[in-house]
Structures are given as C-alpha cells and as structure tokens.
Amino acid sequence: MGYSSKEYDVIVVGAGHAGCEAALAAARMGCRALLLAMDLNKVAAMPCSPSIGGMAKGQLVKEIDALGGQMAKVTDQTAIAYKTLNTKKGPAVRSSRTQNDKNRYHVAMKQVIERQENLDLKQAKVDHLAVEDGKITGVVDQTGFGFKSRTVILATGTFLSGLVHIGFTTIRAGRAGEFASYGLARNLGELGFTLGRMKTGTPPRLHRASIDFSVFEPQANDEIPNPFSFSTRALPLIQVVSYMGYTNERCHGIVRNNLARSALYGGSIKGVSARYCPSFEDKIVKFPERDRHHVILEPEGLDTEEIYASGLGNSLPVEIQLEVVRSVKGLEEAQIMRPAYAIEYDFVQPTQLAPTLETRLVSGLFFAGQINGTSGYEEAAAQGLWAGINAACQVQERPPFILDRSEAYMGVMVDDLVTRGTNEPYRMFTSRAEYRLMLREDNADFRLFEKGFELGLIGRDSLVEMRERKKEIEQEIHRIKNTTVSPKPEINDYLDEKNTPRIDNGTRLDQLLKRVELNYDFVAQFAPGSLPLSPRVVQQVETEIKYEGYIHRQIKEIQKFKDLERMKIPAALDYEGVHGLSNELKEKLSGLRPISLGQASRIPGITPAAISVLMIAIKALEGLAKKENTF
C-alpha cells in the first residue's frame, strides 16, 4: 500500500455542506488540510431542496457566518429569492430562507475551496480508516492508496451503505447516479461503532414548459431582501418566484391504491423516516382526514428548466409517480425529468461522540453531518464547522471549541445529539432552544464574532465594525430611556391613528416604544437622535426595548443554567463507585461521560436526586485530590 508523501493535520472525507465547512475552517486556522470528494463535480451539491435556511435553520446559517464559515456568503452569491418566515410573530422565531441556483452554489463553493490556502481538494473514495493504538493516523482509498493525517473528519452524508429505492427497484447509491460507500461503513462497524439506519427522500423534478402555472398561486418574496451574511453588501442575481398548489382526493386515492408498491410501505425500507419531513405516502397514511396537501413548485436555477415539486416526495414506481403528478391541477401534462426516490443509509449513534464531535472510540476521529443522524444542509454545515474547528484546536493544542445551549443554536444541536442521541433524522427547531429570545438571527454577530476572531476565522475589520454597531445600539437605547415626550396634540393625534391610548403627562420614550402598536417610526418622528441609524441598528434597538422584561427573565434563567455548566465532572470519576445511583444511570453516565453537571442533567432518565448525588461525589473527589496535592 502506497501513501502520499504529503502528511496532513486534518483530512475531511466527504465534500457536502459539512465537509466543505470543516475543511475551510481547519485550513483558515492554519492547518494543512485535505478534502476528499468522491466526485469533484458534486462538491457542495444540493441533492434535495434548492433552498437554504428556514425555521431555526436560518439561525444556524447566521451563526455559521458569525464564526467565519462560508455557507451564508455562497448563499447570497447564488440566491434567487429571499423570504423571512414568521414575520407576524416575535423576533425569537423569525427565520430567513432563500431559493438558490443549485449549480451556481456548487460552482461558487468549489471555487472558494480550490483557492483556499493550506487546503488540497482531491477526488477519492475512502474505503477504510488507518487506526493505530486507538488513534487515527489517516485514510485509505478504494485503490489502496493512503493519506496520513493527525486528525480525520467523516462527513459522509447519505453515502454510508446508501440504497436508493424507486418502487421495488433498489440501487446501491449515495444519491441517484452516485456511488455508495459500503467499505467505510463496514470498517466503522469493525472498529466498534454502533450504527443505525435512516431514510430520507426527494421529490420529482418537472419540466417547466409542461406546467400550467396559471392555476398555481405565486409566492411573494421579500420586497427588500435581507442577506444571510453579515458581510454581504450586494446581491448579484435576479429574484424569481415560486408557486403553490394543492393535491386532491384523486391524487390521494392513487397513492392509497398503490401503497403496496411503495418501497416505504411495501416493506423494502427498514430505515427510520423523518417525522418532520414526511413523504407523500406518509402524509396520506398518517393524515387521512386531510383532503389536500401543499405542492410548492420551486425553480432549481436560472439556467435550467427543472422545477422542484416540493410536497410530492415518494418511493413509488415511476409509472405511478407520473399518475400522481398528473392528478394535480396544473400538472396534467407535466413531464418528470427526474423521478422521486427514497434513500436509506447508515448513521452512527451520536452519543458515541464527545461535545467536540470527536469519537470516544478513536482519538482524533470526528464525525459531522448526516453520519450523526441529522437532516438538512444547515445542520450539516454547522456540525462541519464545529468539527473542523475542534480538529484544528486539537492539532494546535488549543482548548476545545464548545458552545453551550445559551450561546447558539448549534450549541443546542450538538448538545442534543451527544447527550440524548437520536433515533430519527434530527432537525433543528426554534422550540428546541430554551433561550431562543437570546439566540436570534439578528444578533448572531454580537454573540459569536468575538469567538470567531479568537479562532482566526473572523477578520479584525469585521470585529471592529460589529463593536461600533453594538456601541451605537447601546447609546440609542440609553438615549431613548432618558428621553421624555410631552402630551402634544400632534403626538396624541398619532397615538389615536395607531389605536393606542393617548398620554396625559410626560412619558418616557421607551415606555411608549414597548406598546404593541408602536415601532421605531414613532421615535424617528417625534424624538429623533442627532445622527441617522442603519436599519440593523434600528431593529436591534426596537427589539431590545420591546422585549426588555422577557430578556431580563431569560438572562436570569441562563445564569442558573451556567451555574450547572460550570460545575465540571472530573474525567476520573468512577460512576460505578458512586453510591445512590441506579445501575441504569451508572451505565448511562459511564457511556456518555458528560463533561458537566449541566450536560448530565439533560441525559434522559437523570433525576434531580441523581444530580445531587453527583454533586456530592464531585466534591468528594475534589477534596481527595486536594489532600493528595498537600502531601
């Protein structure tokens, strides 16, 4: 077996969204990095939805950007539609979403990777890992050629033992038309990892010219697009619209009559499906009371006629798929360019990982993305960035990079995965974040730029700009809180127009701004500052003032949370010797090895009483250590 003469600090296997972020982060932190892709023409491919962001996913993309990742920047380069979700709700749950030109996204990301200093990009299919004495030393491809490295990150997506299903036809593939990786999956099992099986899928792509768009409802985009990246100053592409239609009883009947021919319901698929992104067959079976479901037609790019038929994902034979599609009003003449399919793949139960995403079994080996049981481009990219940073930190003998649940959505996601594990494809939701009012899209730079700068991933100019913006916000909030307006006729007339009570006495401006009916326009009109403020500053000022009470309450909750997080559990603690814990809890704690009382408290089955027992055991161990040091 031959090895490359060049040795690396970090090797990343898989060039999807996780792999790209991992490799770029490691290289930008000064490590010699190698990114291995099975097909260089599929780097950063978007195999399913042609979109980035969405509920809670938008927050992840903003956080990736605030830490120096690439996804948001490439999204803005290739976006063909912007939409802010949940605009009628509070700022904590508002999320951005884009439609993207799939091919342009791939090309733009590949160019960034090819031009990145310290990063090599090569085409190879990794067959097994080189491990010596429990430590990773490199990877070996299917030809027997190897690459040596101090750390390895596996970001394999749906390629581990991938199996595509269309009816009862099965194809060994990581995605339609692409090779699967069976050797590497087998190797992971041989190394002792516990693997599971999951299932996802994608809908058919239709030819634009065969669709009658007149019967579909155009979906409006944001009038003023809000870029994903904090560094984006201009959007290069034209904006296009998507269209919404509906299925019907005839459509549902076709599916019901052919469930036995579906791979999902015919018994071919053993993997666990995504509960929150059900296939069309699942919708018909699990929601029989619904007489229609959404069908959203989304362009896949500016230079292609392919239309993504969101909502019609299935694993039926192609001839039945055609019947289903053509039963939808407006799709009577539709031509399927690519059929829908389901795909099964192996994943590794993420409770086998430390909070750095390093495996407990093999030192220096990290996992990121769908291999950890997650779904979605954004979840994958966030894990890739996290793993890339931690691999670099390990090589450079720096402290590990870990964000807790109060600092970022990605901290919530990683903690969920390594503490609780998952038995279904994990998807990020705002409801998973206890402190979501503090983890908004609009303040991701305030939360994370400093950390990104310390890692060497955020430039000084960006940091200075953020600090100046933060100072502007603080000064304007202070000014508003110390400004009183009197009950002038023009002010009370304005309040009447907004259907909010008049004022009879001098009233502090912040008290008026807290009213639901009023926004910063009131401040700008009746008590403007000496200098104009940017829309971003205005938005932050308004949010901080309107939600001040809730924010203060959440800050107190975070402080309690931090107290538990700060109480670290010594690595030397022997859970078997801790009296007062059940055998079940001893087994769980010994397997997961939580790093703090906070993490331990989130393990399923851990009770307040068990936390008290652990606290006593930690203090006893610390006391013993002090005595030994004294002597």
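Preceding this section is the structure that the text describes.
Cut-offs and rules
- Residues numbered from 1 in each chain as written.
- Predicted model: local features only at pLDDT ≥ 70, side-chain atom pairs only at ≥ 80, totals over all residues.
- Heavy atoms only, no water.
- Helix = DSSP H or I, 4+ residues; strand = E, 2+ residues; numbered from the N terminus.
- Rg over C-alpha atoms; globule rule 2.2 N^0.38 Å.
- Buried < 20%, exposed > 50% of the residue type's maximum accessible area, 1.4 Å probe, protein only.
- Contact = heavy atoms within 4.5 Å.
- Areas by Shrake-Rupley, 256 points an atom, 1.4 Å probe, with all protein chains shown as cover.
- Lys, Arg positive; Asp, Glu negative; His and termini not counted.
- Charge placed at Lys NZ, Arg CZ, Asp CG, Glu CD.
- Salt bridge = Lys/Arg side-chain N within 4 Å of Asp/Glu carboxyl O.
- Core = buried A, V, L, I, M, F, W, Y, C linked by side-chain atoms within 4.5 Å.
- Pairing = 2+ DSSP bridges.
- Axes fitted to C-alpha atoms, helices over the stretch in contact; angles between N-to-C directions.
- Arc of directions from axis to C-beta.
- Phe/Tyr/Trp six-rings, centres within 6.5 Å; stacked < 30°, edge-to-face > 60°.
- Parallel < 35°, antiparallel > 145°, perpendicular 65-115°, else oblique.
- Left-handed = near helix turned anticlockwise from the far one by under 90°.
- Nonpolar A, V, L, I, M, F, W, Y, C, P; charged D, E, K, R; others polar.
- Polar contact = N/O pair within 3.5 Å; in protein donor to acceptor, adjacent residues only side chain to side chain.

*Asks:* What is the right way to look at the overall build of the chain in this model?
*Replies:* From N to C terminus, the chain includes 20 helices and 22 strands. Compactness check: the chain gives a C-alpha radius of gyration of 26 Å against a globular reference of 25 Å for 631 residues, within 12% of the reference. In the chain, which comprises 631 residues, the share counted as buried stands at 56%. Considering only contacts in the chain between residues 6 or more positions apart, those separated by 24 or more positions represent 73%. Summed over all atoms, the accessible surface of the chain reaches about 27,300 Å², with 51% contributed by carbon and sulfur. Side-chain charges in the chain split into 79 positive and 78 negative, and the spacing between the mean points of these groups amounts to 2 Å.

*Asks:* Which parts of the structure should I look at to understand the pattern of salt bridges?
*Replies:* Pairing of side chains with opposite charge becomes possible as their charged atoms draw close. The tally for this structure, following the rule as stated, stands at 46 salt bridges. Of the charged contacts in the structure, one is a salt bridge between R104 and D101, with a shortest N-O distance of 2.7 Å. Salt bridges linked by common partners bring R405, D415, D416, R420, E434, E565 and R602 together as one network.

*Asks:* Can you help me understand the nonpolar core in this one?
*Replies:* Considering soluble globular proteins, one finds that nonpolar side chains tend to be buried as a cluster. By size, the foremost hydrophobic cluster in this structure holds 122 residues, and its most contacted members are L154 and M410. Here this core gets twelve residues from one element, more than from any other, and that element is helix α9 (residues 377–395). Apart from the residues within four sequence positions on either side, L154 is in contact with V13, L129, L184, L188, L365, F366, F367, A368 and I371. Counting 22 residues, the second-largest nonpolar core is a separate cluster that includes F216, V255, V324 and V328.

*Asks:* It is not clear to me how the sheet that holds strand β14 (residues 217–219) should be interpreted in this structure. Could you clarify?
*Replies:* As a general point, the strands of a sheet are linked pairwise by backbone hydrogen bonds and lie either parallel or antiparallel. Pairing in this open sheet of six strands is antiparallel, and the strands run β14-β15-β16-β17-β13-β18 from one edge to the other. Taken across any chain shown, the strands that pair with only one partner, and hence form the sheet edges, are β14 and β18 (336–338). With direction set aside, neighbouring strand axes in the sheet form an average angle of 35°. With four bridges joining them, strand β16 (residues 294–299) and strand β17 (residues 306–310) adopt antiparallel strand pairing. Bridge pairing in β17 places L297 opposite A309.

*Asks:* When you look at helix α8 (residues 318–326) in this model, what are you seeing that I'm missing?
*Replies:* Listed in full, the buried residues belonging to α8 are I320, Q321, V324 and V325. In a view along the axis of α8, the buried residues occupy a sector of 140°, so they form one face of it. In the core, the buried residues of α8 are packed alongside β10 (163–166), β13 (205–207), α6 (249–257), α7 (280–286) and β18.

*Asks:* Before we go on, may I ask you to explain the packing of aromatic side chains in this structure?
*Replies:* Working definition: an aromatic ring pair is given by the centre-to-centre distance plus the angle between the planes. Following the criterion strictly, the structure yields ten aromatic pairs and no others. Taking the centre distance of 5.6 Å and the plane angle of 50° together, the rings of Y494 and F522 count as tilted. Of this pair, Y494 sits in helix α13 (residues 489–497) while F522 is found in helix α15 (residues 520–526), placing the two residues 28 residues apart along the sequence. Here Y494 matches F522 in class, with each residue buried. Here the aromatic rings of Y494 and F526 are separated by 5.2 Å at their centres, their planes lie at 80°, and the arrangement is edge-to-face. With a gap of 32 residues between them, Y494 in helix α13 and F526 in helix α15 connect regions that are remote in the sequence. Pairwise contacts between aromatic rings join Y494, F522 and F526 into one cluster.

*Asks:* What exactly am I supposed to notice about the packing of helix α12 (residues 460–481) against helix α16 (residues 535–546) here?
*Replies:* A pair of packed helices can be characterised by two numbers: the angle between their axes and the separation between those axes. Running from N to C, α12 and α16 cross one another at 50°; their axes reach a closest spacing of 9 Å. Judged by the inter-axis angle, α12 sits oblique to α16. Crossing geometry of α12 relative to α16 is assigned as right-handed. In contact with R469, E472, I473, E476, I477 and I480 of α12, α16 contributes R536, V537, Q540, V541, E544 and I545. Residues of the contact of α12 with α16, tallied by class, amount to six nonpolar, one polar and five charged.

*Asks:* Even after reading the chapter, I still don't get the pairing of strand β8 (residues 135–141), so can you show me in this structure?
*Replies:* The two faces of the sheet receive side chains in turn, since in a regular strand these alternate between them. In terms of burial, β8 is a largely internal element, five of the seven residues being buried. Sheet topology note: the strand β7 (residues 126–132)/β8 ladder contains six bridges and is antiparallel. Paired with E132 across the strands is K135, a residue of β8. Hairpin connection of β7 to β8: two residues between the antiparallel strands, including D133 at a positive phi of 50°. Pairing geometry for β8 and strand β9 (residues 146–154), over three bridges, is antiparallel. What sits directly across from G138, in β9, is K148.

*Asks:* What is the right way to look at the environment of S95 in this model?
*Replies:* Among the structural elements, S95 can be located in strand β5 (residues 95–100). Sequence separation of S95 and K57 is 38 residues, and the distance between their C-alpha atoms is 7.4 Å. Engagement of the side chain of S95 in a polar contact is seen with the backbone nitrogen of A56, the distance being 3.2 Å. Looking at S95, its side chain comes within polar contact range of the side chain of Q59, at 2.9 Å.

*Asks:* I keep staring at the sheet that holds strand β4 (residues 79–85) and nothing clicks. Help me out?
*Replies:* Strands sit in the order β3-β5-β4 across an open sheet of three strands; the sheet is antiparallel. For this open sheet the edge positions go to β3 (51–53) and β4, each flanked by a neighbour on one side alone. Here the average twist between neighbouring strands, direction ignored, is 20°. Relative to β5, β3 runs antiparallel, the two being bridged by three bridges. Bridged to G53 within β5 is R97. Packing of helix α2 (residues 57–66) onto the sheet brings it into contact with β3 and β5, and relative to β3 it is tilted by some 80°.

*Asks:* Can you walk me through the side chain of E565 in this structure?
*Replies:* Structurally, E565 is set in helix α17 (residues 548–566). Using a relative accessible area of 11% as the deciding quantity, one classes E565 as buried. Looking at E565, its side chain comes within polar contact range of the side chain of R602, at 2.8 Å. Leave out the neighbours within four places in its chain, and E565 touches S596, G598, Q599 and R602.

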